[in-house]
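Summary of the model geometry
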Amino acid sequence: MKDFPAFPPGFEFGAATSAYQIEGATKEDGRGPSIWDTFCRRPGAVSDGTSGETACDHYHRRREDVRLLADLGVATYRFSVAWPRVQPSGSGPVNTRGLDFYARLVDELLEAGIKPVLTLYHWDLPQPLENAGGWRSRDTAERFAEYTALVAATLGDRVPRWITLNEPWCSAFLGYAAGEHAPGASEGTPALAAAHHLLVGHGLAMGALRAAGVQEAGISLNLDHVYPATRDPADVAAALRAETQRNLMWTDPLLTGRYAPGETDTFGELIERQDFRREGDLALISAPSDFLGLNYYTPSTVRAAPWREPDPALRTATDNRFEGVDVPDVRRTAMGWAVVPGALRELLVSLRDRYGARLPPLHITENGSAEHEAPGADGTVHDADRIAYLESHLRAASEAVAAGVDLRGYTAWSLMDNFEWAFGHSRRFGLVHVDFPTGTRTPKASYHWYKAAIAAAAPASGSGPGPVRPVPRRSRPRRAGGR
Ligand code: IFM
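For the structure given in this document, a descriptive report is provided here. Treat the numbers as computed from the prediction; the structure is a model and nothing was measured.

This paragraph deals with the pairing of strand 2 (residues 76–80). Burial analysis of strand 2 places 5 of its 5 residues in the buried class, which makes it a mostly covered element. Burial along strand 2 is two-sided: the residues T76, R78 and S80 and Y77 and F79 are all buried. Bridge analysis of strand 1 (residues 12–16) against strand 2 gives 3 bridges, and the strand direction is parallel. Within strand 2, the position partnered with A15 by the bridge is Y77.

What follows is the structure in structure tokens.
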């Protein structure tokens, strides 16, 4: 492919999905209810009234989806395990029928020469755990570590890369402060407790993964590159507050073992009741990771705003002394997100500059765009905007590599159109079009473009099916269950 940016040998190109967004089959094979099943039934919670009940029906079309991945030529496939399939009530013995679905998926990926990248928690908390307090409660972090140990005992030898949590910022603040994601709560301090318990859960799960001897383990964060609207010191301070809440409150404890210096200023009175933090937590949270996963879509531009008292009735988030500013003359995706590929490069470089040797190798574990699109007369989606988005962000990633950032891989979100949380089916991020009533998959123009891009990079990068070898069957432990 002409002018495709250069990547170093071994750089991995992949595609990603998550369980609740694609699987469907929410009541099959002993799966228990999750907070998203419950949230979707709340009138108005999902803009088009859909849910993940059927989604892409991946649970029944798994083989077809693995074939799509193999044909795409990706080196990695990032998927998530649904906790309520493995432990329907969030604790207790493993549901073998549920875990076996993932064992089969992993085998098929390995046989296709694709490296499985497994996310343990992509937002589908078992409902019984939410009934007991959810992430507001420290007990959920302990349960998460137990669940991690169960999954790793079965898949630990076959899955080389493990991601504990996906985007804990969303779980804590969209879930417990803004009320926009499950469980749909609008709270202040409990959202901060949830954030902390997610970090503790990550630390405990890292211990379980180490005990199981997995090859690589880390976390995926949705980090924001935050620009101040002006050079006015008040706006610059507002940008630091936003950066603290969006990025530093996660990356500082994870990578330095200290809470971000601006936290108290950022969260004000809300953080004064910090009884959820215990001695020893920081050591747990900052246990070394093998990589840091970065999900990037768009940057933020903010300006200073006056403090408004947290008011759950107004769904006020925990920090409100900054507000977003619309940047004019920038293309926006169907999500309304500004397309600024240069911010990805700046974010990657700024992580390297802030954390230096403490920063593990980076993987972009999500990047992509929802676009206004529909199949053309020939049945294909000609998604030129998505191609331009992917191309420009891959270019930004390659510029970061050229600047010395240790970036090892890029994962497109998403393999296929799916259930986009509170937007339901009304936003499409896929490289593959899904006709939701029938489940029919049709690769879009972007799928063919990405395939060509990977092929162009593969001779130098080692990406594509070649380097991944299935573990010989003899050495695998027994599967969790039948089929
Ligand atoms: O679809 C989501 C995904 O589940 C998490 N990261 C952002 C994507 C797009 O909104």
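Let us look at the sheet that holds strand 6 (residues 226–228). Strand order in this open sheet of 3 strands is 6-8-9, and the pairing throughout is mixed. Each edge of the open sheet is held by one strand with a lone partner, namely strand 6 and strand 9 (322–324). Across this sheet, the average inter-strand angle for adjacent strands is 40 degrees, counted without regard to direction. Bridge analysis of strand 8 (residues 300–304) against strand 9 gives 3 bridges, and the strand direction is antiparallel. Among the inter-strand pairings, A304 is bridged to a residue of strand 9, identified as F322. Running at roughly 125 degrees to strand 8, helix 10 (residues 233–256) makes contact with strand 6, strand 8 and strand 9 of the sheet.

Attention now moves to the site of the ligand. Looking at the ligand, the residues that line it are Q21, H122, W123, N166, E167, Y297, W337, E366, W413, E420, W421 and F429. Taking E167, its side chain carries an N or O atom lying 2.7 Å from a nitrogen atom of the ligand. Classifying every residue of the shell around the ligand by side-chain character gives 6 nonpolar, 3 polar and 3 charged.

Turning to the sheet that holds strand 7 (residues 291–295), a few remarks are in order. Within a sheet, each strand pairs with its neighbour through backbone hydrogen bonds, oriented either parallel or antiparallel. Read around the barrel, 8 strands follow the order 1-2-3-4-5-7-10-11 and close on themselves; strand pairing throughout is parallel. Averaged over all pairs of adjacent strands, the angle between their axes in this sheet comes to 25 degrees, without regard to strand direction. Helix 9 (residues 189–212) rests against strand 3 (115–121), strand 4 (161–166) and strand 5 (216–222) of the sheet, and its axis sits at about 165 degrees to strand 4. Contacting strand 1, strand 10 (362–366) and strand 11 (407–413), helix 14 (residues 384–402) crosses the sheet at an angle of about 170 degrees to strand 11.

Packing of helix 10 against helix 13 (residues 341–355) brings their axes to within 12 Å, and their N-to-C directions diverge by 45 degrees. In this view, helix 10 runs oblique relative to helix 13, as classed from their interaxial angle. The way helix 10 lies across helix 13 gives a crossing that is right-handed. Residue-level inspection shows N247, L248, T251, D252, L255 and T256 of helix 10 in contact with helix 13, the latter providing L347, L351, R354 and Y355. Residue composition of the contact of helix 10 with helix 13, by class: 5 nonpolar, 3 polar and 2 charged.

To continue, consider the packing of aromatic side chains. Enumeration over the complete set of coordinates arrives at 31 aromatic pairs. Centroid distance W337 to F429: 6.1 Å. Interplanar angle 50 degrees. Geometry classified as tilted. Taken together, the residues W337 in the loop between strand 9 and helix 13 and F429 in the loop between strand 11 and strand 12 (432–435) connect sequence positions 92 residues apart. Over the aromatic face of W169 sits the side chain of R246, whose NZ or CZ is 3.8 Å from the ring centroid. Sitting above the plane of the Y259 ring, R277 keeps its charged end 3.5 Å from the centroid.

Among the nonpolar cores identified, the biggest contains 136 residues, and F173 and Y450 are the most heavily contacted of them. Among the elements that line this core, the one with the most residues is helix 9, at 11 residues. One finds V226, A238, A239 and F322 within the second-largest nonpolar core, a separate group that totals 6 residues.

Mapped onto the secondary structure, F144 falls in helix 7 (residues 138–155). Judged by relative accessible area, F144 falls into the buried class, the value being 0%. With 75 residues separating them along the chain, F144 and L69 place their C-alpha atoms 29 Å apart. The contact partners of F144, leaving out residues within four places of it in the chain, are W83, L120, Y121, W135, T164, L165, G201 and A205.

What counts as what
- Residues numbered from 1 in each chain as written.
- Predicted model: local features only at pLDDT ≥ 70, side-chain atom pairs only at ≥ 80, totals over all residues.
- Heavy atoms only, no water.
- Buried < 20%, exposed > 50% of the residue type's maximum accessible area, 1.4 Å probe, protein only.
- Helix = DSSP H or I, 4+ residues; strand = E, 2+ residues; numbered from the N terminus.
- Pairing = 2+ DSSP bridges.
- Axes fitted to C-alpha atoms, helices over the stretch in contact; angles between N-to-C directions.
- Contact = heavy atoms within 4.5 Å.
- Near = heavy atom within 4 Å.
- Polar contact = N/O pair within 3.5 Å; in protein donor to acceptor, adjacent residues only side chain to side chain.
- Nonpolar A, V, L, I, M, F, W, Y, C, P; charged D, E, K, R; others polar.
- Parallel < 35°, antiparallel > 145°, perpendicular 65-115°, else oblique.
- Left-handed = near helix turned anticlockwise from the far one by under 90°.
- Phe/Tyr/Trp six-rings, centres within 6.5 Å; stacked < 30°, edge-to-face > 60°.
- Lys NZ or Arg CZ within 6 Å of the ring centre and 35° of its normal.
- Core = buried A, V, L, I, M, F, W, Y, C linked by side-chain atoms within 4.5 Å.

Shape descriptors only; they carry no functional weight alone.
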